[in-house]
Amino acid sequence: HEHDTVTTHEIERFPKIFFFSSIIPETYHGFALDQGPIGAADIVHFCRDIQRRLAHPQLSHRPLVFYTYTDPVCVTNSVLLLCAYLVLCEGYSPEEAFSDFARIRGLPLEPFHDATYLPETFGLGILDVLNGLARANSLGWLDVDTF
């Protein structure tokens, strides 16, 4: 979102939609130059938060809209969280979960940077992380219900 005032105005314009955000991507503090990806515990926390919202009786009939700041690191980690929910909780493949975001022109997604002060050379992207999450889930290493 551009600014709190703009977001407040949009929320007031669409009272039948439930707008929400999360502090997880907005408060991520990496080590050195890293900017994510967000850790498994935060991903599971986010997934459980969405599950609670979807199950809440007062929200069950309302569309949920997630918003975040326009900072590229925030956007990248937010897209990761939303896609991770689709992969881990809704059974989407990593490609299916990421496909709609991949089509958005100008979406400021950045590759993740490792925890060093050196230039990033690997180019780890959201799809790479989603593939890892899907594999961990298929092996029983990462389950939102038991993690």
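The structure under discussion appears in the preceding block.
Attention here is on the structure that accompanies the text. The model shown is predicted, which means the values in this text are computed figures rather than measured ones. (Residues numbered from 1 in each chain as written. Predicted model: local features only at pLDDT ≥ 70, side-chain atom pairs only at ≥ 80, totals over all residues. Heavy atoms only, no water.)

**Quick word on the side chain of Thr76**
Right, on to step 1. Take Thr76: it is sitting in helix H4 (residues 72–90).
Right, on to step 2. What Thr76 contacts, discounting residues up to four positions off in sequence, is Pro108, Leu109, Glu110, Phe112 and Ile126. (Helix = DSSP H or I, 4+ residues; strand = E, 2+ residues; numbered from the N terminus. Contact = heavy atoms within 4.5 Å.)

**Describing the layout of surface pockets**
Right, on to step 1. Roughly 220 Å³ of volume is contained in the largest pocket.
Right, on to step 2. Taken together, 14 residues line the largest pocket, and the ones lying closest to its centre are Thr68, Val75, Val79, Phe101 and Leu107.
Right, on to step 3. Considering every element that reaches the lining of the largest pocket, the biggest residue donor is H4, with four residues.
Right, on to step 4. Looking at side-chain class alone, the lining of the largest pocket contains 10 nonpolar, four polar and no charged residues.
Right, on to step 5. Space inside the second largest pocket adds up to approximately 190 Å³.
Right, on to step 6. What lines the second largest pocket is simply Phe20, Ile50, Leu54, Leu64, Val65, Phe66, Leu82, Tyr85, Leu86 and Phe101.
Right, on to step 7. Listed by contribution, the elements that provide at least two residues to the lining of the second largest pocket are helix H3 (40–55), strand E2 (64–66) and H4. (1 Å grid on protein atoms, 1.4 Å probe; cavity = no way out; pocket = protein on both sides within 12 Å on 5 of 7 lines; lining within 4 Å. Points joined across faces, edges and corners; volume = space filled by probe spheres on them. Nonpolar A, V, L, I, M, F, W, Y, C, P; charged D, E, K, R; others polar.)

**Digging into the environment of Ile126**
Right, on to step 1. As for its position among the elements, Ile126 is in helix H6 (residues 126–138).
Right, on to step 2. Distance from Ile126 to Pro37, taken between C-alpha atoms, is 8.1 Å for residues 89 residues apart in sequence.
Right, on to step 3. Aside from chain neighbours lying at most four places away, what touches Ile126 is Thr76, Val79, Leu80, Phe98, Leu109 and Phe112.

**Observations regarding the pattern of salt bridges**
Right, on to step 1. Applying the stated criterion across every chain yields a total of four salt bridges.
Right, on to step 2. Two residues, Asp49 and Arg53, come together in a salt bridge whose shortest N-O distance is 3.1 Å. In this pair, Asp49 and Arg53 both sit in helix H3, four residues apart, roughly one turn of the helix. The residues Asp49 and Arg53 share a single accessibility class, namely buried.
Right, on to step 3. In this structure, Asp100 engages Arg103 in a salt bridge whose closest nitrogen and oxygen atoms are separated by 2.2 Å.
Right, on to step 4. Assessed through its relative accessible area of 48%, Asp100 is described here as partly exposed.
Right, on to step 5. Here Arg103 falls in the exposed class, since its relative accessible area comes to 57%. (Salt bridge = Lys/Arg side-chain N within 4 Å of Asp/Glu carboxyl O. Buried < 20%, exposed > 50% of the residue type's maximum accessible area, 1.4 Å probe, protein only.)

**So, the packing of H4 against helix H5 (residues 94–102)**
Right, on to step 1. Two elements in contact, H4 and H5, have axes separated by 8 Å at closest approach and are oriented at 140 degrees. Of the possible angle classes, the one that applies to H4 and H5 is oblique. Both H4 and H5 take part in a crossing whose hand is right-handed. Together, Val79, Leu82, Cys83, Leu86 and Val87 of H4 and Pro94, Ala97, Phe98 and Phe101 of H5 make up the contact between the two elements. (Axes fitted to C-alpha atoms, helices over the stretch in contact; angles between N-to-C directions. Parallel < 35°, antiparallel > 145°, perpendicular 65-115°, else oblique. Left-handed = near helix turned anticlockwise from the far one by under 90°.)

**A short note on the nonpolar core**
Right, on to step 1. Membership of the largest hydrophobic core comes to 28 residues, with the highest contact counts inside it found for Ile43, Leu88, Ile126, Leu130 and Leu133.
Right, on to step 2. For this core, the elements supplying multiple residues, two or more each, are H3, H4, H5 and H6.
Right, on to step 3. With residues up to four places along the chain from it excluded, the contact list for Leu130 reads Leu80, Cys83, Ala84, Val87, Pro94 and Phe98. (Core = buried A, V, L, I, M, F, W, Y, C linked by side-chain atoms within 4.5 Å.)

**So, the packing of aromatic side chains**
Right, on to step 1. Scanning all chains against the criterion turns up three aromatic pairs.
Right, on to step 2. Aromatic side chains Phe18 and Phe20 sit 6.3 Å apart centroid to centroid with 20 degrees between the ring planes, which places their arrangement in the stacked category.
Right, on to step 3. Judged by relative accessible area, Phe20 falls into the buried class, the value being 5%.
Right, on to step 4. An angle of 70 degrees between the planes, with centres 5.4 Å apart, marks the rings of Phe20 and Phe66 as edge-to-face. In this pair, Phe20 is assigned in strand E1 (residues 18–20) and Phe66 in strand E2, connecting sequence segments 46 residues apart.
Right, on to step 5. Residue Phe66 is classed as buried on the basis of its relative accessible area, which comes to 17%. (Phe/Tyr/Trp six-rings, centres within 6.5 Å; stacked < 30°, edge-to-face > 60°.)

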